[in-house]
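Take a look at the letters that make up each chain.
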Amino acid sequence: LAAQARGRFGEDEAARWYLQHGYTVLARNWRCPAGEIDLIVSRSHTLVFCEVKARASDQFGGPAGAVGWQKQRRVRRLAAIWLAEFRPGHVEVRFDVAAVVGTQVSVIESAF
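Residues numbered from 1 in each chain as written. Predicted model: local features only at pLDDT ≥ 70, side-chain atom pairs only at ≥ 80, totals over all residues. Heavy atoms only, no water.

### Some words on the overall build of the chain
Logical step 1: When you go through the chain residue by residue, the secondary structure sums to 2 helices and 5 strands.
Logical step 2: Helices and strands in the chain line up, N terminus first, as α-β-β-β-α-β-β.
Logical step 3: Its C-alpha atoms give the chain a radius of gyration of 13 Å, within 12% of the compact-globule value 13 Å for 112 residues.
Logical step 4: Across its three principal directions, the C-alpha atoms of the chain cover 40 × 30 × 25 Å.
Logical step 5: Counting across all 112 residues of the chain, residues that qualify as buried make up 38%.
Logical step 6: Contacts in the chain between residues at least 24 apart in sequence constitute 53% of all its contacts with a sequence separation of at least 6.
Logical step 7: When the accessible surface of the chain is split by element, carbon and sulfur atoms take 50% of a total near 6500 Å².
Logical step 8: Across the chain, the 15 positively charged side chains and the 11 negatively charged ones have centroids separated by 5 Å. (Helix = DSSP H or I, 4+ residues; strand = E, 2+ residues; numbered from the N terminus. Rg over C-alpha atoms; globule rule 2.2 N^0.38 Å. Buried < 20%, exposed > 50% of the residue type's maximum accessible area, 1.4 Å probe, protein only. Contact = heavy atoms within 4.5 Å. Areas by Shrake-Rupley, 256 points an atom, 1.4 Å probe, with all protein chains shown as cover. Lys, Arg positive; Asp, Glu negative; His and termini not counted. Charge placed at Lys NZ, Arg CZ, Asp CG, Glu CD.)

Set out below in structure tokens:
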């Protein structure tokens, strides 16, 4: 439960970061049978699919390191499903990782 609460807090913090940087939050925890995308945001003609990783501390390595190739592949596949369903038109697609350690948010743009 603590991990779930931390994940939700991390997603809240990441969403706030994107809002503060001029993005619109399109979806949080978007789900389909193939899985879930933590955060989908947009700004002008850029659509961002964001994987959020939250940790209490970086004592055991940064949270971004937890986004391995399997997770990257899954997020890409989910993004393709979302794009096919919602058809946003001509947009640039980007995959970010938001690493939340404590209350510190660092967003790695175009992480994969």
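### Section: helix H2 (residues 69–86)
Logical step 1: Spanning 18 residues, H2 covers 25 Å between terminal C-alpha atoms, matching the ideal 26 Å at 1.5 Å per step.
Logical step 2: When H2 is considered as a whole, its buried residues turn out to be Val75, Leu78, Ala79 and Trp82. All buried residues of H2 project into a common sector of 110 degrees when viewed along the axis, lining one side.
Logical step 3: Summarising the contacts, the buried residues of H2 are in contact with strand S1 (24–32), strand S2 (35–43), strand S3 (46–55) and strand S4 (92–101).
Logical step 4: Just past H2, the residue Arg87 takes up positive phi, approximately 40 degrees. (Expected span 1.5 Å × (residues − 1). Arc of directions from axis to C-beta.)

### Describing the packing of aromatic side chains
Logical step 1: Within the structure shown, the criterion is met by 7 aromatic pairs.
Logical step 2: Judged by centre distance (5.8 Å) and plane angle (25 degrees), the ring pair of Phe49 and Phe95 falls under stacked. Residue Phe49 is found in strand S3, and its partner Phe95 is found in strand S4; the two are separated by 46 residues along the sequence.
Logical step 3: On the basis of relative accessible area, Phe49 is assigned to the buried category, the value being 0%.
Logical step 4: Given the relative accessible area of 11%, Phe95 is considered buried. (Phe/Tyr/Trp six-rings, centres within 6.5 Å; stacked < 30°, edge-to-face > 60°.)

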